[in-house]
Every structure is written in structure tokens, then in C-alpha cells.
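Examining the three-dimensional arrangement
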Amino acid sequence: MKLQGNAAVMGTIQQKALEAVKRVGRLSLATIGCGGALLGAARMGQAQSAPAAPEGATQPNVLFLMVDDLRPELGCYGAAGAHTPNIDALAKSGVTFSRQYVQCALCSPSRTSMLTGVRPATSDVYVIGKHFRDTLPDIKTLPQTFKENGYYTQALGKVFHDLKHDDPRSWSEPTFTPPTPPYGPATMPAFLAGMKKLDAQKAAGVQFDPASGMPMFLLVPGPSWEAPDVADDYFWDGQITKQAINMLHEKGNKPFFMAVGYLKPHLPFVAPKKYFDMHPLAEIALPSPDVPPNDLPPVVLANLNEWRRYTDHRAPGKLDAQATRELIRAYRASTTYVDAQIGRLLVELDRMKLRERTIIILWGDNGYTLGEYGLWGKETNFECATRVPLIINQSGLAGAGKTCAALTEAVDIYPTLIDMCHLPVPAALEGRSMLPLLNDPTAQGKTAARSSFKWGDALGSSLRTERYRYTEWIGPRQRLEGAELYDLQADPQQAHNLVNEAAQRDLKNKLQAQLHELFAPQGLKKSKPAVATKANAQ
Ligand SMILES: [Ca+2]
């Protein structure tokens, strides 16, 4: 794929692309791989010429930056080749959590757990198609708690996954979702034609793509990456940044909880060309290891087809070095694009003198394998998929500028934010406040972080302790499909599964007992009952 140029005619083409997108506004996030640029009508506010003067609010604001599929591929996490100056600056004046784990390495289940404060076993939300209100109709979400305590709450972009997964009672007004094209102007006509063709095939009863064998509903008629020469605001992340700035002007004078859900670096890895230019292809190192660990149960590798949804990667087989480098560069370019949008927003926050009384939190909803183990995507219990960036920034934090290596979980975010804002604690929370770690990043963390991933009838329950990761996969009729044990001190890349080694039997038994203690025995589907009645009770 060649980089696209011809910015001179962009205005007309962009307009045509946008009109076409509006005509097919029925397309969903699922259609383009959660790339929800084609949602309903936007409610675009108008930028104001002068910042609103802050008045009287004593409660800290919360600016929650959620970045889709962002693994710690950031300068502040020591990632070679990352170009993320704005997030790095945020880390310099905040606390960077180096071992933050999501409870399910998949967009909606991960966000549901974090935003409800309970684990997937409690909400039974392990898959994208399920809404937590169906199982927990009266649970109080994180933004809902802020709203009910006098905050103005707003979501922009991908927060509760998409509008089908949204939770209107959490927000003071409807979620902002701009109808932007998922690809550049040159690619949009083929994409839209491809959508029509897919619709016709599905209407004719075709369930699987004859060429690739992929289910039709998963196919995206566009490439996995693209670098069109367009302005930042052509795409979703620029648009929501623009609207977030508008919201600061309109609502910045009252306590607010604003969640800004950036869509990149989720596939397709599409970003304006200038961000690709910051990542020379020759500087991209190939992933290592590039083969799966030994002795994996087949279910671990069953669901990793996300990148095969796109037109350039449908053929089976391993990616060659060139294609691998191109995809990694595109992921990094998409990340740099998001970093630039975050920079725009934070500059405005500073200009309006709101930084001093705003908690800024940056979080990735799941990690990502970028060719490690030969895999592209999340949907596993590997460190690559479960470990995410978490930065919490507030003026006056004792631990500012430091890295906290304590084990923390995404389910801890809810109690932390209400602890920082002195709000009442809902009874159902299953995490614990990280405020002690914000004040002293060397303080004791959890003994273990838990993650789960469900594929079909099999559930993988995983424990991350100080040194090890142990995972069990339970299939139908409680059958153990397999297990994984990694020594992350000796083998940080998870290249060697030790679970069948006789010398590790005692260690395996100990970790297995710990896992069974934390996950209940019925297929490991139920967590221990939540006992937390205070934010830091667990
Ligand atoms: Ca995600």
C-alpha cells in the first residue's frame, strides 16, 4: 500500500466521503472492527473564541482518556521507537503504573468491568454482545456516581464501547459520536462499494467468505492500515478532541467528569500521513518471539483473527517481515496520532487554567500482540494483551513523576477516582483504591491481578503474581483444556510454558490453589463474593 497524497483536492473529496458515510450511517462499530466512525448523527458544538472563566468549583474535575487497544507502546514506558511526547509529559507530572492489568482483554468486557467496578464473573459480561444492565440492572457505574454527586458527565467517542453498549443514565447528555470516514478519501469509494457487496452476499444467505473462510459478518472491505494525507480532524479522534475542547469551554466552569474515548490504535491502523512519517520503516524491529509458547491448549489460539478481517490479510499463513514492519509502524503511527490529539486537549486545559483542579487519567482498554507469538490482536490472557498503560495525574500528588510497579487492576480505577474526589462508595465495588500508591508508589500492591477470557464454551482464568502468570482453560463439563505457567522474571517474553515441567510441579500446584481460591470452582466462572463496602476494603 502506498502512502496517499494530493491534499489539494482533499476538501471536495472529504466532503463527498462524509456525505457517503452519512448515507450509510446504519453501519455499526462491529462492521468496521469496532472502528466506529460511522455512527449516528453528530452533535457538533461550536468552538468559542475565549475560554470560560472557572468559577467556584471545589471538587476536582476528571478528564478520563480511554485509548482503544493501547498497549504500553509509549515513550514513558520505555518502548523503543514510540513517539508519544504528550503522554510522556503527562507521565512526568503524574504516576505511571507499570503493572496495570485489565480483567478481560477485549473492548466491551474490559470497559464494562472498569466502569461498573465489578469483575466479568459478577456481570457475566465476557463478550461484546452482552450489556451489563441485562445482568446488573441497578448497578451504579463510575460516571453515574459522579453524575449523582453533582458532576456534569459526558462521554465523547468510544467509552461504553459503542452506542448499543452505552448507558444513558451515566451521562448528563447523550454520548458524542461523530460520523467520520474510517479510511482516507481515496479508499472510501471502494470501502462503501465493498459494504454494499457484503450486504448483498449476506442477504443471499452467504455465511462464510469463500476465499478466506471468514464469517461474513466479520469482514471489513478495507485495508488493515492506511496513511492518507488528511488533516487530524478528518478522522474520529480529531473530531472528538475538537468537541472535547468545545465542552471544556461550555462546561468547564462546573465540576465535570469527561470521558474521551479515542478509537485508535484499534484496527484499522489508519492515521494522517504525517504521523507515519515520524516512524521510518527501517527502524521497526521484528517481534520476538514470533511463535507461540509450547504446550498451549488449542483454544488459546482459536480466536485471533482480527487482522484477517481486512482486505490485505485474508490469506492464511504468517506475515512476512515487510508486512510485519508495516503493521507495527501503522500501530505506532496511530498511537502518535492519538498522542497528538491528547496534546491538543491538554494544551486547552492549561490555557483555561483548569489543570490545577483536574484529575487526568489515561488508560488502555486492553493490550495487543503486535506479531509476538505470530499473533495480532488481544483476546488472550498473555501479558501483551492484559497489561495496559495507566497514568494518573493530579496537581500535588506526592508520587508525581514516579513509576509504580505494584500489581493493580482496572477494577481498581473506580474506587480510586471516587476516593480522590471524596464521593460515597457504592457497596458493590470489587477493586480497591490506588490512592495510597499515588501518594507512595513504593507501597504494597495486590498479591495478584486476575484476568479472564472466554472463547466459545471455554473460559481461561489467569493469575498474575509478582513473578509468575498461571492460567487455566476450562471447557464444557468442567473439563480442563490446558494450562499455562510462565516465569516472567526469567522469561519476560513468555516464550516458555513451564506447566508440564516436573521441576515446576510444586510451583504449579501452589499457583493453582491460589487461582482456585480467587476464582470460584464452578468452571472458574464465579469470583469470590465481593466483600468490599469501602473503596479500599479489599
Ligand atoms: Ca479495545
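Look up: the structure comes first, before these words.
In this report, we go over the structure that sits alongside the text. (Residues numbered from 1 in each chain as written. Predicted model: local features only at pLDDT ≥ 70, side-chain atom pairs only at ≥ 80, totals over all residues. Heavy atoms only, no water.)

Our focus in this paragraph is the sheet that holds strand β15 (residues 468-474). Strand order in the open sheet formed by four strands is β13-β14-β15-β16, and the pairing between neighbours is antiparallel. For this open sheet the edge positions go to β13 (448-455) and β16 (480-487), each flanked by a neighbour on one side alone. Neighbour-to-neighbour, the strand axes of this sheet turn through a mean angle of 10 degrees, independent of strand direction. Pairing between β15 and β16: seven bridges, direction antiparallel. What sits directly across from R469, in β16, is Y486. Against the sheet, helix α14 (residues 505-518) makes contact with β13, β14 (458-465), β15 and β16, and its axis sits at roughly 65 degrees relative to β15, the strand it touches most. (Pairing = 2+ DSSP bridges. Helix = DSSP H or I, 4+ residues; strand = E, 2+ residues; numbered from the N terminus. Axes fitted to C-alpha atoms, helices over the stretch in contact; angles between N-to-C directions. Contact = heavy atoms within 4.5 Å.)

Running from N to C, helix α2 (residues 85-92) and helix α10 (residues 321-351) cross one another at 55 degrees; their axes reach a closest spacing of 7 Å. In terms of orientation, α2 lies oblique with respect to α10. Taking contact as the criterion, the partners of P85, N86, I87 and L90 in α2 are, on α10, D339, A340, I342, G343 and L346. For the contact of α2 with α10, a count of residues per class yields six nonpolar, two polar and one charged. (Parallel < 35°, antiparallel > 145°, perpendicular 65-115°, else oblique. Nonpolar A, V, L, I, M, F, W, Y, C, P; charged D, E, K, R; others polar.)

Once that is clear, we can look at the coordination of the calcium ion. Coordination of the calcium ion by the protein involves D68 (OD), D69 (OD), C107 (SG), D365 (OD), D365 (OD) and N366 (OD1), with metal-donor separations of 2.2 to 2.6 Å. Between the six donor atoms coordinating the calcium ion, the angles at the centre fall across 53 to 162 degrees, so the site counts as irregular. Within one chain, the residues donating to the calcium ion are spaced in sequence as D-D-x37-C-x257-D-N. Taken together, the residues D69 in the loop between β1 (61-67) and α2 and C107 in helix α3 (residues 107-116) connect sequence positions 38 residues apart. (Donors = N, O, S within 2.8 Å, 3.2 Å for Na, K, Ca; no water. Tetrahedral: all angles 85-135°; square planar, octahedral: opposite > 155°, others 65-115°.)

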